[in-house]
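Given next are the chains, with one letter for each unit.
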Amino acid sequence: MSSSAHSTEGRGELTSRDDRIIAAVEELQSELIDAVSEAIRIPSINPRYPGQSYDDVVGGEGEVARYMASIYRQIGCETDLFAIEPGRENCVGVLRGRTGGRSLIYNGHIDVVPPGPAEQWTSGDPWSGHVAEGKIWGRGSCDMKAGVVAQAFAARALRSAGVELRGDLILEAVAGEEMMEHELGTTACIERGYRADAAVVSEASAPPTPLAVAPVTPGVMSFTISVEGKATHTSMRGETIRAGGYGAAVGVNAIDKAFIVYGALRHLEDEWSLTKRHPLFRPGHFTIQVGVFVGAPRTGQVPFFVPDLATMECIVWYPPDDDPDSVRGEIERQVSASAELDSWLRAHPPVVEWRHHWPASILDPSHPIVGATCRAHERASGDRATVNGFPAVEDATFLNQAGIPAISYGPGDLRVAHANDEHVEIGELLVATKTYALLAADWCGA
Ligand SMILES: [Zn+2]
């Protein structure tokens, strides 16, 4: 299909090939937007998301996977639909290269988080996928059906521009990312044999800069702290806290004690804002947040007792270069040190239990896929590319862990992901699609 008329023009061929690719994306613009809307209209909530009934929700991911399969087949890809868990299919489309080029994986997840109450959406139905104000609206628009569809349409544009790749381009639409079920999605694809010389995950890579090229992510861990008190009648409150009272012999308010620990964690978080730095992240990005704080009598959530249990559920974002064990140690030492300040806590130390850990994704920014993506973005947008850390975590971690060098680059902004009125800018969608197409031609060879 490739035009031999261009192959003898040397450097001029490069420019004209890029021009043909960009023109092909522009010709597909309205179909591209329709396809993103169509994908949003398939509710594909992760069935393991907290608050969901698994049996009611399961199946949406599979439906999106089948929708993506129809696009991949139209491009001429070898298409592989497979599930580790019924109803939760992944779809992989392989655009076979002729031979001799580098291979590339384009990866994105097709599960979404729940939309929350529909009346909180001022933009309309969360599953509408409608277009207004130059944006496509709906749950999953920027996180991340725009990115998944853009990668597929990049391959389509290459075909319609008559560009034949030398290396394989592997398109992956995967399930399970929102609950870190990479064994069902991205890791399942790797284990099925889909590997490449580099990978680009199309997660929304703003803020701070739209369409940033992101070679690293932080790591994230969660933990629970439990603080014991001692229950008694609420009328004894004064006896438990005032000079001359019976004190801990009668009762101890667990909420009061938990605030000592809370204050210590906030203090450490403020220190981190000055001490934990990484050149690709905004200062202060690394945090320790108490996201759930529950204090109550063990007998139930009523105020007629001095409460005897307080729990805090916390999230820690740590720099990609930090050792997770030493981060855990820092936090445990801070909790223990705060307990040393109080006679009750010295005798009843707060208990820290570590829960989830999503390791950081780490790729050396000098890896050639970073420069190649920057060059493609610059040709696609006419603007300078920026290299930043990705603010959150995503499947690039598991690609990098498997030895497939992976970065993030995608349309959309995490400030509106997981939020009401989620949307994606059509301008960004278009630039991203052009970048993916130009990058594939450059990386895989054409
Ligand atoms: Zn995402």
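Conventions used here
- Residues numbered from 1 in each chain as written.
- Predicted model: local features only at pLDDT ≥ 70, side-chain atom pairs only at ≥ 80, totals over all residues.
- Heavy atoms only, no water.
- Helix = DSSP H or I, 4+ residues; strand = E, 2+ residues; numbered from the N terminus.
- Expected span 1.5 Å × (residues − 1).
- Buried < 20%, exposed > 50% of the residue type's maximum accessible area, 1.4 Å probe, protein only.
- Contact = heavy atoms within 4.5 Å.
- Pairing = 2+ DSSP bridges.
- 1 Å grid on protein atoms, 1.4 Å probe; cavity = no way out; pocket = protein on both sides within 12 Å on 5 of 7 lines; lining within 4 Å.
- Points joined across faces, edges and corners; volume = space filled by probe spheres on them.

Engineer: Help me get a handle on unusual backbone geometry, residues and values and all.
Structural biologist: Of the consecutive residues Ala206 and Pro207, the connecting peptide bond is found in the cis state with omega at -5°. Looking at the element boundaries, Pro207 is found in the loop between strand S7 (199-201) and strand S8 (219-228). Here the amide bond leading from Pro207 into Pro208 is cis, since omega sits at 5°, within 30 degrees of zero. Note on placement: Pro208 falls in the loop between S7 and S8. The backbone of Thr99 sits at a positive phi, close to 150°, despite the residue not being glycine. Within the element layout of this structure, Thr99 appears in the loop between strand S2 (89-95) and strand S3 (104-109). One non-glycine residue, Leu211, lies in positive phi territory at about 55°.

Engineer: Could you give an account of helix H9 (residues 324-339), naming the residues involved and the relevant values?
Structural biologist: For H9, with 16 residues, the first-to-last C-alpha span of 23 Å sits near the 22 Å given by 1.5 Å per residue. Turning to H9, its buried residues are Val327, Arg328, Gly329, Ile331, Val335, Ser338 and Ala339. Those residues of H9 that are buried are in contact with S8, helix H8 (254-275), strand S10 (288-296), strand S12 (309-318), helix H10 (343-347) and strand S13 (351-358).

Engineer: Pulling in residues and values, what's your account of the sheet that holds strand S4 (residues 131-132)?
Structural biologist: An order of S4-S5-S15 is seen for the three strands of this open sheet, with the pairing classed as antiparallel. Single-partner strands in this sheet number two, and they are S4 and strand S15 (423-425). As defined by bridge partners, strand S5 (residues 135-137) adjoins S15 across three bridges and the pair is classed as antiparallel. In the strand pairing of S15, Trp137 is matched with His423.

Engineer: Please give an account of the layout of surface pockets that cites residues and values.
Structural biologist: In this structure, the largest pocket encloses a volume near 1300 Å³. Along the walls of the largest pocket sit 42 residues, with Tyr49, Val220, Ile315, Trp317 and Val393 positioned nearest its centre. Of all the secondary-structure elements, those providing two or more residues to the lining of the largest pocket are S8, S10, S12 and S13. It is S8 that provides the largest number of residues to the lining of the largest pocket, a total of five residues.

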